[in-house]
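The chain contents come next:
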Amino acid sequence: FFLPVIQAGEQSGRLGEALRFLEKHCNLLAGPALALRNVWLFPIVILLFGSVMQFVLHLMMGSVSEAFAVLFSALFRWMQIAVLAAIVILSPVRYLFDQLRLSLPFIGPLEREIAVHRFFRVLALIYSVGGHRVEVMIRTAAQTVGNNAARLELLKAAKTIEQQASIPDAFRRVSVLTPDEQATIEMAEMSGTLEHAFDRISDETGESMIAKLKIVETVLVRIVSLLVVFSIAMTAISLASR
C-alpha cells in the first residue's frame, strides 16, 4: 500500500499530497484495526495463559506425565489453528476469503469503499501527470488494494483497455464499482475531467468509509469486551475442572 502511493506521488510531483493521504488514511484505519486485532489477540492470550496454568498446576501436584500430556495436547490445538490461519493468508484460499468478505452485509461495502478510495486516489495522482499508458496507471493504483478479490476486479479494467476498449467501457466491467461511479467516469471522459472524477469518487467513498468505520470501531470494542469475559470464564472453568 505505502510504496505505490509514494511512487504515484513522486511521479506526479505531488509527493506531499501523497504523504498527507497516507497519514490521513492510516489514522482513519488505526482505531478499527486495533479493535479488530484485539478481537482475536486478547482471547488467545487469555487461553494461552490458561493452558500454561494447567501445565504448571499439574507439575505442582506432582503429575508430571499428565502435565506434559496437557501441554502437548494444547500445543497440537494451537498448531492446528496456526496452520489454518497460514492456509487462509498465504494460499489461493485468500482470494475466496476476500471474496467472502466483499459479500458480507455491512463489512462488504466497507471493504469495497476502502479499496475504491485507495485505488482512485492513487490513480488520480498518476493520471494528473500523464506520461504513462492508462493500463499501467491502473496496475500501479491497484497495488494499493489489500483485498485480493477487489484488486483482481479493478485489474480487469487494465486488461480491457489493452483490448482497445475505452476507459468508461473498461470500468463498466468492474463489478466493485457502483453504476453511479461508472457513470461519473463516463461523463468525465466526455468532458475531459477524468482526474477530477477519480478524485471525486475517492472523496465520496472516503466519506462513506469514515461513517462506517466509526460504527465498526464501536461494535468491535463491545465484541472484544464480551470475548475477553468469555475467555476468562472458560479458562477459569477449565482450571477448576482440573
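**Q** Can you lay out the packing of aromatic side chains for me, pointing to particular residues and giving the numbers?
**A** For the structure shown, the criterion picks out 10 aromatic pairs. A ring pair is formed by Phe 55 and Phe 68, whose centres lie 5.3 Å apart and whose planes are at 80°; its orientation type is edge-to-face. Pair noted here: Phe 55 is in helix H2 (residues 15-60) and Phe 68 is in helix H3 (residues 64-90), with a separation of 13 residues, a long-range link. Among the residues examined, Phe 68 registers a relative accessible area of 35% and is labelled partly exposed. Here Tyr 127 and Phe 198 contribute two aromatic rings whose centre-to-centre distance is 5.6 Å and whose plane-to-plane angle is 85°, an arrangement assigned as edge-to-face. Taken together, the residues span a long stretch of sequence, with Tyr 127 in helix H5 (residues 107-129) and Phe 198 in helix H10 (residues 194-241) at a distance of 71 residues. Looking at Tyr 127, the relative accessible area reads 27%, which means it is partly exposed. A relative accessible area of 2% places Phe 198 in the buried class. These aromatic residues form a ring-pair network of at least three members: Phe 119, Phe 120, Tyr 127, Phe 171 and Phe 198. Taking NZ or CZ as reference, Arg 118 lies 3.9 Å from the ring centre of Phe 1, over its face.

**Q** Give a description of unusual backbone geometry that names residues and reports values.
**A** A negative phi angle is the norm for most residues apart from glycine, just as the trans form is the norm for most peptide bonds. Its identity as a non-glycine residue notwithstanding, Phe 106 has a phi of 70°, on the positive side. With respect to the element layout, Phe 106 can be found in the loop between helix H4 (93-103) and H5. Owing to a relative accessible area of 33%, Phe 106 belongs among the partly exposed residues under this scheme. Within the chain, Gln 164 stands out as a residue other than glycine whose phi angle is a positive 75°.

**Q** Which residues make up the packing of H3 against H4, and what are the values?
**A** As a packed pair, H3 and H4 sit with axes 5 Å apart at the nearest point and diverge in direction by 80°. By the angle between their directions, the pair H3 and H4 is classed as roughly perpendicular. Touching Ile 87, Val 88 and Ile 89 of H3 are Val 93, Arg 94 and Phe 97, all from H4. Looking at the contact of H3 with H4, its residues break down into five nonpolar, no polar and one charged.

Calculation notes
- Residues numbered from 1 in each chain as written.
- Predicted model: local features only at pLDDT ≥ 70, side-chain atom pairs only at ≥ 80, totals over all residues.
- Heavy atoms only, no water.
- Phe/Tyr/Trp six-rings, centres within 6.5 Å; stacked < 30°, edge-to-face > 60°.
- Helix = DSSP H or I, 4+ residues; strand = E, 2+ residues; numbered from the N terminus.
- Buried < 20%, exposed > 50% of the residue type's maximum accessible area, 1.4 Å probe, protein only.
- Lys NZ or Arg CZ within 6 Å of the ring centre and 35° of its normal.
- Axes fitted to C-alpha atoms, helices over the stretch in contact; angles between N-to-C directions.
- Parallel < 35°, antiparallel > 145°, perpendicular 65-115°, else oblique.
- Contact = heavy atoms within 4.5 Å.
- Nonpolar A, V, L, I, M, F, W, Y, C, P; charged D, E, K, R; others polar.

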